[in-house]
Amino acid sequence: MRYSMLIAKKEIKSFFDSPAGYVTLAFFLILTGWFFANPLFLIGQADLRTMFNVVPIIYIFFIPAITMGLISKEKSSGTYETLATFPINDSEIVMGKFFASVGIIAFGLLFTFVHLITILILGKNVDFGQFISGYFGLLLLGSVYSAIGIFGSSLSKNQIVSFLISLIIVIFFYLIQQLVIFLPQFLSAFFQYISTGYHFSNLSRGVIDTRDLIYFFSLIYGFLFLSTKIMESRKW
Amino acid sequence: MIQILNLTKDYDSLRAVDQINFNINEGEIIGFLGPNGAGKSTTLKMMTSFLPPTDGNVIVDDLNIYDNSKEIRKLIGYLPESNPLYMEMTVYEYLEFVSKAREIPESKFKSVLKKTIEKTGLASVISKPISTLSKGYKQRVGLAQAIIHDPKIIILDEPTSGLDPNQIVEIRELIKELGKEKTLIISSHILQEVQAVCDRIVIINKGKIVADGSTEELKAGFKGRNRLHINFIGNANIVDEIPEKIPGTKISSLEKKDMSSEVIVEYSSDSDFRPEIYQWIKSTDIILLEMRREHVSLEEVFHSLTLEGGDSNEI
Ligand SMILES: Nc1ncnc2c1ncn2[C@@H]1O[C@H](COP(=O)(O)OP(=O)(O)O)[C@@H](O)[C@H]1O
Ligand SMILES: [Mg+2]
């Protein structure tokens, strides 16, 4: 854990040291702001649901962009070799990268609180239960996508390839729900269960259900586990 | 202190390291010599637990790389061949990161850092981003990374490759200094490189150890293997009968030229077959032009050992 934090800190620092990091984060904030402000100006409507609908879509591009270099860069530059010959386990390295991504996402989410303040200033009602559980959901969803992104990053030395792999997997988990209506009933229940949107929608409505938590944590664990195995195999 | 036992590594179908065995004693400076692609880096990567072996083991004191990888890694400082560094960090930031990864207590960091940058001569660039440093200084940063935790064993993979002559001299001096108190393993594909700093040389070729001994031993061992150059006119094929007529000799090469031919006859260290060979020549109708026994340098040892199809296993 200590090592994971060390690696997470190194990654977060390097993210904020690079212009690319700022640009990525700025995009995130501008996009959420734009999607949030649009209905506000057009129809004078703004509520948390806008955030909860929009952020998952932005995540699809935003998170693979954050994670793409996390492992692939260490592989292409050879620094993974030094790292792995320190007394650090591959699992600790992978966890560190994951924490870094989740940390950056949490930071981005923190900035979207401005929108919440806008809602409050406009005198609308904010359901704080829904607010807490929705943001918790966004963080969990971000964590799942981060784990997928780490997995993508562990598969290639090339950042762009890593980005595309993660993007495809994330889109798969996101879109499944949209496909559900085309499927026969017995399949649709299954596909609904594996879609991230279905589980997130419960949280964004303010319902915290252990089944959803189990779903999110299993995905996180699964992808981080696979990433660790890939790194341990040294066949990359 | 370090035992390498039957260590083997396959990359898919390629056997990069083939059942190698050697021991390293405490305090020794070992030169691990071999041409490119011989399997040096692969061996070092297995010793440092970066790559899992296909077969065999590496034992350090009473630890082995399967059960005690972490403990062994703590004892080793390693500079990989490509000297990978986090280019965006400053030297200070990098060494701070390494010292944390190496579990150096925060309270000791200042003094450890001071000692390390003194040894490696990094004081003047300590706050510069690594990306802005010259190749020689980057190499020093790599070395600093390898020694910061005061490891008992230091493994340097081709530490001077790609440096200019002045930088090579500087890094060599640093390495000599380190060798005074540590067990040091340095790989190289350049003989002079290891000759300059090492007590003992282990030569690897095509994944196999082909020679192992002190610089002196290797020289002596090979000088004993006499090479007799015989230059003559006449039917060249007749020399094929030398090994039959004079047991203990063998033909190592035969070169036919327009006028004359040259054959190189080799024989083992403790005998001198010159009289017998001269007798044999007299019994044939070839005309002897020249007969010369060769003085063999260590460099030649290296060359002949690593030559394609060379008789490496006889030493
Ligand atoms: N990751 C790898 N995958 C496949 N083959 C490799 C890999 N690394 C090295 N090799 C091959 O293994 C052999 C030994 O390589 P290496 O240990 O790097 O030799 P050296 O360090 O002595 O130059 C070479 O033929 C090389 O091409
Ligand atoms: Mg090498």
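Residues numbered from 1 in each chain as written. Chains lettered and ligands numbered in written order. Predicted model: local features only at pLDDT ≥ 70, side-chain atom pairs only at ≥ 80, totals over all residues. Heavy atoms only, no water.

**Q** So what about the sheet that holds strand 14 (residues 287-293) of chain B? Which residues, and what values?
**A** Residues and elements named next belong to chain B. Taking strand neighbours across the sheet as the criterion, the 4 strands line up as 12-13-11-14 in an open arrangement whose pairing is antiparallel. Looking at which strands have only one partner, the edges of the open sheet turn out to be strand 12 (249-256) and strand 14. For this sheet the average axis-to-axis angle between neighbouring strands, irrespective of direction, equals 20 degrees. Across 7 bridges, the pairing between strand 11 (residues 226-233) and strand 13 (residues 261-267) is antiparallel. The residue bridging isoleucine 230 from the neighbouring strand is valine 263, located in strand 13. Across the sheet, helix 10 (residues 274-283) is in contact with strand 11, strand 13 and strand 14; its angle to strand 14 comes to roughly 170 degrees. (Pairing = 2+ DSSP bridges. Helix = DSSP H or I, 4+ residues; strand = E, 2+ residues; numbered from the N terminus. Axes fitted to C-alpha atoms, helices over the stretch in contact; angles between N-to-C directions. Contact = heavy atoms within 4.5 Å.)

**Q** Report on the interface of chain A and chain B, specifying residues and quantitative values.
**A** At the interface, 23 residues of chain A touch 25 residues of chain B. Buried surface at the junction of chain A and chain B, both sides included, amounts to about 2200 Å², of which 61% is carbon and sulfur. When the buried area of chain A at its contact with chain B is split by residue, Glu81, Thr85 and Pro87 of chain A rank highest and sum to 29% of it. Where chain A packs against chain B, one counts 3 salt bridges. Lysine 70 of chain B is paired through a salt bridge with glutamate 92 of chain A; the nearest N and O atoms lie 3.7 Å apart. Our count for the chain A to chain B interface comes out at 9 residue pairs in polar contact (both at pLDDT 80 or more). Contributions of two or more residues to the side of chain A that touches chain B are made by helix 1 (2-17), helix 3 (48-77) and helix 4 (79-85) of chain A. Split by residue class, the side of chain A that touches chain B holds 9 nonpolar, 7 polar and 7 charged. (Buried area = accessible area lost by both parts, 1.4 Å probe. Salt bridge = Lys/Arg side-chain N within 4 Å of Asp/Glu carboxyl O. Polar contact = N/O pair within 3.5 Å; in protein donor to acceptor, adjacent residues only side chain to side chain. Nonpolar A, V, L, I, M, F, W, Y, C, P; charged D, E, K, R; others polar.)

**Q** Which residues make up the domain arrangement of chain B, and what values do they have?
**A** Per the domain assignment, the segments making up chain B are domain 1 (2-220) and domain 2 (225-295). The C-alpha centroid of domain 2 of chain B is placed 45 Å from the C-alpha centroid of domain 1 of chain B. (Domains from an automatic or database assignment.)

**Q** Got a sec to walk through the site of ligand 1? Specific residues and values, please.
**A** Residue and element names in this part refer to chain B. Neighbouring residues of ligand 1: Tyr11, Leu14, Ala16, Pro35, Asn36, Gly37, Ala38, Gly39, Lys40, Ser41 and Thr42. The separation between an oxygen atom of ligand 1 and a polar main-chain atom of alanine 38 is 3.2 Å. Notes on ligand 1: free accessible area 560 Å², of which the protein chains cover 60%. When residues of the shell around ligand 1 are traced back to their parent elements, those giving at least two are strand 2 (14-24) and helix 1 (40-47). The element contributing the most residues to the shell around ligand 1 is helix 1, with 3 residues. Residues of the shell around ligand 1, tallied by class, amount to 5 nonpolar, 5 polar and 1 charged. (Near = heavy atom within 4 Å. Areas by Shrake-Rupley, 256 points an atom, 1.4 Å probe, with all protein chains shown as cover.)

**Q** Account for the sheet that holds strand 10 (residues 208-214) of chain B, with residues named and values stated.
**A** Residues and elements named next belong to chain B. If you trace the 6 strands from one edge of the open sheet to the other, you get 6-7-8-3-9-10, paired in mixed fashion. Sheet topology places strand 6 (76-79) and strand 10 at the edges, where each strand pairs with a single neighbour. Strand-to-strand, the axes of this sheet are offset by a mean angle of 15 degrees, without reference to chain direction. The pairing of strand 3 (residues 29-33) with strand 8 (residues 183-188) spans 5 bridges and is parallel. For isoleucine 30, the partnering residue across the bridge sits in strand 8 and is isoleucine 185. Sitting on the sheet, helix 5 (residues 135-147) is in contact with strand 6 and strand 7 (153-157), with an inclination near 165 degrees to strand 6.

**Q** Help me get a handle on the coordination of the magnesium ion (ligand 2), residues and values and all.
**A** All names here are of chain B. Note on the magnesium ion (ligand 2): its protein donors are Ser41 (OG) and Glu81 (OE). The metal-donor distances range over 2.0 to 2.4 Å. Residue serine 41 is found in helix 1, and its partner glutamate 81 is found in the loop between strand 6 and helix 3 (91-101); the two are separated by 40 residues along the sequence. Accessibility expressed as a relative area gives 16% for serine 41, which makes it buried. (Donors = N, O, S within 2.8 Å, 3.2 Å for Na, K, Ca; no water. Buried < 20%, exposed > 50% of the residue type's maximum accessible area, 1.4 Å probe, protein only.)

**Q** Outline the pairing of strand 13 of chain B, listing residues and values.
**A** All names here are of chain B. Among the 7 residues in strand 13, 7 count as buried, and that is most of the element. Taking every second residue as pointing to the same face, both faces of strand 13 are buried, with Ser261, Val263, Val265 and Tyr267 on one and Glu262, Ile264 and Glu266 on the other. When strand 12 meets strand 13, the two strands line up antiparallel, connected through 7 bridges. Opposite serine 253, over in strand 13, you have isoleucine 264 as the bridge partner. Between the antiparallel neighbours strand 12 and strand 13 lie 4 residues.

**Q** Requested: an account of the packing of helix 7 (residues 128-155) of chain A against helix 8 (residues 159-179) of chain A, with residues and values cited.
**A** Residues and elements named next belong to chain A. Close contact between helix 7 and helix 8 brings their axes to 7 Å; oriented N to C, the two are set at 145 degrees. Both helix 7 and helix 8 take part in a crossing whose hand is right-handed. Contact residues: helix 7 offers Tyr145, Ile148, Gly149, Phe151, Gly152, Ser153 and Leu155, while helix 8 offers Ser162, Ile165, Ser166, Ile169, Val170, Phe173 and Tyr174. (Left-handed = near helix turned anticlockwise from the far one by under 90°.)

**Q** Now, about unusual backbone geometry: what can you tell me, with residues and values included?
**A** Residue and element names in this part refer to chain B. In this structure, asparagine 6 is a non-glycine residue whose phi angle is positive, near 50 degrees. Its location among the elements puts asparagine 6 in strand 1 (residues 2-11). Since its relative accessible area comes to 36%, asparagine 6 is described here as partly exposed. The phi angle at aspartate 150 is positive, at roughly 55 degrees, despite the residue not being glycine. Following the sequence through the fold, aspartate 150 ends up in the loop between helix 5 and strand 7. Assessed through its relative accessible area of 45%, aspartate 150 is described here as partly exposed.

**Q** Tell me about the packing of aromatic side chains, residues and numbers included.
**A** Residue and element names in this part refer to chain A. Tallying each qualifying case throughout the model produces 27 aromatic pairs over all chains. Centroid distance phenylalanine 173 to phenylalanine 223: 6.1 Å. Interplanar angle 80 degrees. Geometry classified as edge-to-face. Note that phenylalanine 173 is positioned in helix 8 and phenylalanine 223 in helix 11 (residues 210-233), a separation of 50 residues in sequence. Residues phenylalanine 173 and phenylalanine 223 agree in their burial class; the two are buried. (Phe/Tyr/Trp six-rings, centres within 6.5 Å; stacked < 30°, edge-to-face > 60°.)

**Q** Let's hear about a nonpolar patch on the surface: which residues, and what values?
**A** Side chains of Val23, Phe27, Leu31, Trp34 and Phe35 of chain A sit close together on the surface and give an oily, nonpolar patch of about 490 Å² of accessible area. Relative to the helices and strands, phenylalanine 35 of chain A is located in helix 2 (residues 19-43). (Patch = residues over 30% accessible without salt bridge, like charges linked within 9 Å, V, L, I, M, F, W, Y side chains within 5 Å.)

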